[in-house]
Amino acid sequence: QVQLVESGGGLVQPGGSLRLSCAASGIVFTVYNMAWYRQAPGKQRELVALVTHTGSTNYGDFVKGRFTVSRESGEKTVYLQMNTLKPEDTAVYYCHAAHRGSASLAYWGQGTQVTVSS
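Right, let's walk through the structure included here. (Residues numbered from 1 in each chain as written. Predicted model: local features only at pLDDT ≥ 70, side-chain atom pairs only at ≥ 80, totals over all residues. Heavy atoms only, no water.)

Re the overall build of the protein chain
Along the protein chain, the regular secondary structure elements total zero helices and eleven strands. Moving toward the C terminus, one meets the helices and strands of the protein chain in the order β-β-β-β-β-β-β-β-β-β-β. Oriented by its inertia axes, the alpha-carbon framework of the protein chain measures out at about 40 × 25 × 25 Å. Taken over 118 residues, the protein chain has a buried fraction of 40%. In the protein chain, the proportion of contacts linking residues at least 24 apart, taken out of those at least 6 apart, comes to 54%. Of the accessible surface of the protein chain, which amounts to about 6,100 Å², a share of 47% is contributed by carbon and sulfur atoms. Averaged over its 10 positive side-chain charges, the protein chain has a centre that lies 3 Å from the centre of its 7 negative ones. (Helix = DSSP H or I, 4+ residues; strand = E, 2+ residues; numbered from the N terminus. Buried < 20%, exposed > 50% of the residue type's maximum accessible area, 1.4 Å probe, protein only. Contact = heavy atoms within 4.5 Å. Areas by Shrake-Rupley, 256 points an atom, 1.4 Å probe, with all protein chains shown as cover. Lys, Arg positive; Asp, Glu negative; His and termini not counted. Charge placed at Lys NZ, Arg CZ, Asp CG, Glu CD.)

Here it is, written out as structure tokens:
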């Protein structure tokens, strides 16, 4: 059974930082591309950051150097370090896993709420 369990969300003031974690189980972590998406109320889900199975990274345009995605294969965990948070970063953040060679092998976590407010 595949599970992606996010943690680390919460309430933070503008300008603050949060670190999200996504612990994976039930997959061969090293052959999966891992990503973070987010969805704000009334908006479409959008890509925040991607780290491929080889370690290459890609970010949404809105990130502008504020976030860093990383993965730890030994722990089967992907991280999202978010700095200089803005109110518009408020959303549910989802972890996503996609097999490097099969589009049908893709999974979502349950999401973690991030609220940026004073």
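What follows picks up the thread again.
Quick look at the side chain of Asn33
Along the chain, Asn33 falls in strand β4 (residues 32-39). Setting aside residues up to four positions removed in sequence, Asn33 forms contacts with Leu50, Val51, Thr52, His53, Arg71, His96, Ala97, Ala98 and Arg100.

Some words on the state of the cysteines
Applying the stated criterion across every chain yields a total of one disulfide. Note on cysteine connectivity: Cys22 is disulfide-linked to Cys95, with sulfurs 2.1 Å apart. Handedness of the Cys22-Cys95 disulfide follows from its S-S torsion of about -80 degrees: it is left-handed. Note that Cys22 is positioned in strand β3 (residues 18-25) and Cys95 in strand β9 (residues 91-99), a separation of 73 residues in sequence. Using a relative accessible area of 0% as the deciding quantity, one classes Cys22 as buried. Note on Cys95: relative accessible area 0%, which makes it buried. (Disulfide = S-S within 2.5 Å.)

Examining the packing of aromatic side chains
All told, the structure shown has three aromatic pairs when counted by the stated rule. Seen in terms of ring centroids, Tyr32 and Tyr107 are 6.3 Å apart; in terms of plane orientation they differ by 40 degrees. Their pairing is tilted. With a gap of 75 residues between them, Tyr32 in strand β4 and Tyr107 in strand β10 (residues 106-108) connect regions that are remote in the sequence. By relative accessible area, Tyr32 is classed as buried at 5%. (Phe/Tyr/Trp six-rings, centres within 6.5 Å; stacked < 30°, edge-to-face > 60°.)

A short note on the side chain of Thr77
Within the secondary structure layout, Thr77 lies in strand β8 (residues 77-82). A residue is classified by how much of its surface remains accessible, and Thr77, at 7% relative accessible area, is buried. Here Glu75 takes part through its backbone oxygen, which lies 2.9 Å from a polar atom of the side chain of Thr77. In this structure, Thr77 is in contact with Ser21, Cys22, Ala23, Phe29, Ser70, Arg71 and Glu72, ignoring residues within four places of it in sequence. (Polar contact = N/O pair within 3.5 Å; in protein donor to acceptor, adjacent residues only side chain to side chain.)

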